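Structural overview for review
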Amino acid sequence: MTSPPSAPDPLPVPAEIVANLRSAWEEVAAPGASFTGEQRVAITAEARRAWSGEAAGSAPEDAGLPPAAGEAARRLAASPHGIRRPWVEDIVGGGLGYAGYVEIVGIVSRVVASDTFTDALGLAGAPLPDPRPGPPSGEIAAVARPGQAWVPMVGATSITQALSLVPAENAALERYHGPMYLAFEEMADPAISRALTRPQMEFVAARTSAVNECFY
Amino acid sequence: MLSSSASATGTPVNLAAVTDPGVDPLIPGGAALAGFVEVVLRQSPTRAAAAAEVAARLGAPALVNAAAVIANFQMMNRVADGTGMPVGRGSRIRNAELIARLGLERFDHSDGTPAR
């Protein structure tokens, strides 16, 4: 049985965030476009180890993934600011292909985000989910093309299309984004507020990106 | 978005605080938020104290909101860095002065060339 993140009592965590974290965790355990549920959970385990500062494990290789998968999970989790295009091309050429790499970007980014949220609030992180059976879907966007970024995308190069080579991953990103920050369609409103005002949210976002050394 | 939202809402902000933790952000509760971001991302053992500071200044719902925004940008930063997402030319031109003033070029690793 998949375990969602622990209840946020006594902090007033909105129900939509709790549901979002639960959904993200369940998605990790399900088969993806290129990987089985077991392989996705193994990628999750490796990302979590790297983000928490633990030494590399062997979960991806044990799950039948090439070494590039573990390396990608570790780098994306622990030091994404150091990623350069030649490294991406090496990883892609190491048995993952662009679709496999993009799927790993999606998994790792949401796992680190969820662990960051629970850790920030002193909540217990969710245990690794049990993988769901089934083969990878193979659902890749055939219309994706190389653009100005390092991976193919559907349409113009855009952060909202960043994972669109693997439609399920791009959809998961958008689902995660709304409850944690703002839905894509809300972002054009400079005065929108949650518990924080929009300037406070943007300051937190900007400072996060600065500490992470992310130019975008 | 920080600059435009501050302008739209009449909120004071010192943008230098984005890259310099020693600068007062001027935003209400800004110093506490900056401190919280720092310790969360550094996984510092002082996270609980920083969280308590945010909750004391802005309320528990704001603390949760801040943690969610940090989490979201942990995701988005990895997506951007992992895919080599470039900042568009129009945005670079509009924000050229700010990029230079805050020294943000040092974070730019995209090369603007297509995937092969």
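Residues numbered from 1 in each chain as written. Chains lettered and ligands numbered in written order. Predicted model: local features only at pLDDT ≥ 70, side-chain atom pairs only at ≥ 80, totals over all residues. Heavy atoms only, no water.

When its secondary structure is counted, chain B shows 6 helices and 0 strands. Written out in order from the N terminus, the α and β elements of chain B read α-α-α-α-α-α. The long-range share in chain B, meaning contacts at least 24 apart out of those at least 6 apart in sequence, stands at 37%. Surface accessibility of chain B: about 5,000 Å² in total, with carbon and sulfur atoms responsible for 56%. One way to put it: in chain B the 10 positive side-chain charges average out to a point 5 Å from where the 9 negative ones average out. (Helix = DSSP H or I, 4+ residues; strand = E, 2+ residues; numbered from the N terminus. Contact = heavy atoms within 4.5 Å. Areas by Shrake-Rupley, 256 points an atom, 1.4 Å probe, with all protein chains shown as cover. Lys, Arg positive; Asp, Glu negative; His and termini not counted. Charge placed at Lys NZ, Arg CZ, Asp CG, Glu CD.)

Residue and element names in this part refer to chain B. Split into domains, chain B comes out as domain 1 (2-85) and domain 2 (86-116). For domain 1 versus domain 2, the distance between C-alpha centres works out to 22 Å. With 6 residues of domain 1 in contact, the opposing surface of domain 2 contributes 8 residues. For the pairing of domain 1 and domain 2, the buried interface totals around 540 Å² over both sides, and the portion due to carbon and sulfur atoms is 68%. Interface area lost by domain 1 to domain 2 is led by Leu15, Thr19 and Met85, which between them contribute 73%. At the boundary of domain 1 and domain 2, one finds 0 salt bridges. Where domain 1 packs against domain 2, one counts 0 residue pairs in polar contact (both at pLDDT 80 or more). When grouped by side-chain class, the residues that make up the side of domain 1 that touches domain 2 number 4 nonpolar, 2 polar and no charged. (Domains from an automatic or database assignment. Buried area = accessible area lost by both parts, 1.4 Å probe. Salt bridge = Lys/Arg side-chain N within 4 Å of Asp/Glu carboxyl O. Polar contact = N/O pair within 3.5 Å; in protein donor to acceptor, adjacent residues only side chain to side chain. Nonpolar A, V, L, I, M, F, W, Y, C, P; charged D, E, K, R; others polar.)

Counting residues at the interface gives 71 residues for chain B, matched by 71 residues for chain A. Both faces considered, chain B and chain A share a buried interface measuring about 6,600 Å² in area, 69% of it formed by carbon and sulfur atoms. Scanning the region where chain B abuts chain A turns up 2 salt bridges. Taking the shortest distance from any N to any O, the salt bridge between Glu38 of chain B and Arg207 of chain A comes out at 2.6 Å. Across the contact surface, chain B and chain A share 16 residue pairs in polar contact (both at pLDDT 80 or more). Counting only elements with at least two residues in the side of chain B that touches chain A, the list comes to α1 (2-9), α2 (30-41), α3 (47-58) and α4 (60-83) of chain B. It is α4 of chain B that provides the largest number of residues to the side of chain B that touches chain A, a total of 24 residues.

For the rest of this paragraph, the subject is the pattern of salt bridges. The tally for this structure, following the rule as stated, stands at 14 salt bridges over all chains. Notably, a salt bridge pairs Glu169 of chain A with Arg110 of chain A, separated by 2.9 Å at the nearest N-O pair. Placement of Glu169 of chain A in helix α6 (residues 167-180) and of Arg110 of chain A in helix α5 (residues 85-120) is noted, with a sequence separation of 59 residues between them. There is no split in this pair, since Glu169 of chain A and Arg110 of chain A are both buried. Across the salt bridge formed by Asp119 of chain A and Arg47 of chain B, the nearest N and O atoms sit 2.9 Å from each other. Of the two residues, Asp119 of chain A is situated in helix α5 and Arg47 of chain B in helix α3; the pairing between them involves two chains. One network of salt bridges, in which partners are shared, links Arg40, Glu103, Arg110 and Glu169 of chain A. (Buried < 20%, exposed > 50% of the residue type's maximum accessible area, 1.4 Å probe, protein only.)

All names here are of chain B. For α1, the complete set of buried residues consists of Leu2, Ser5 and Ala6. Projected down its long axis, α1 carries its buried residues within an arc of 100 degrees, all on one side. Positive backbone phi, at 65 degrees, marks Gly10, one or two positions downstream of α1. (Arc of directions from axis to C-beta.)

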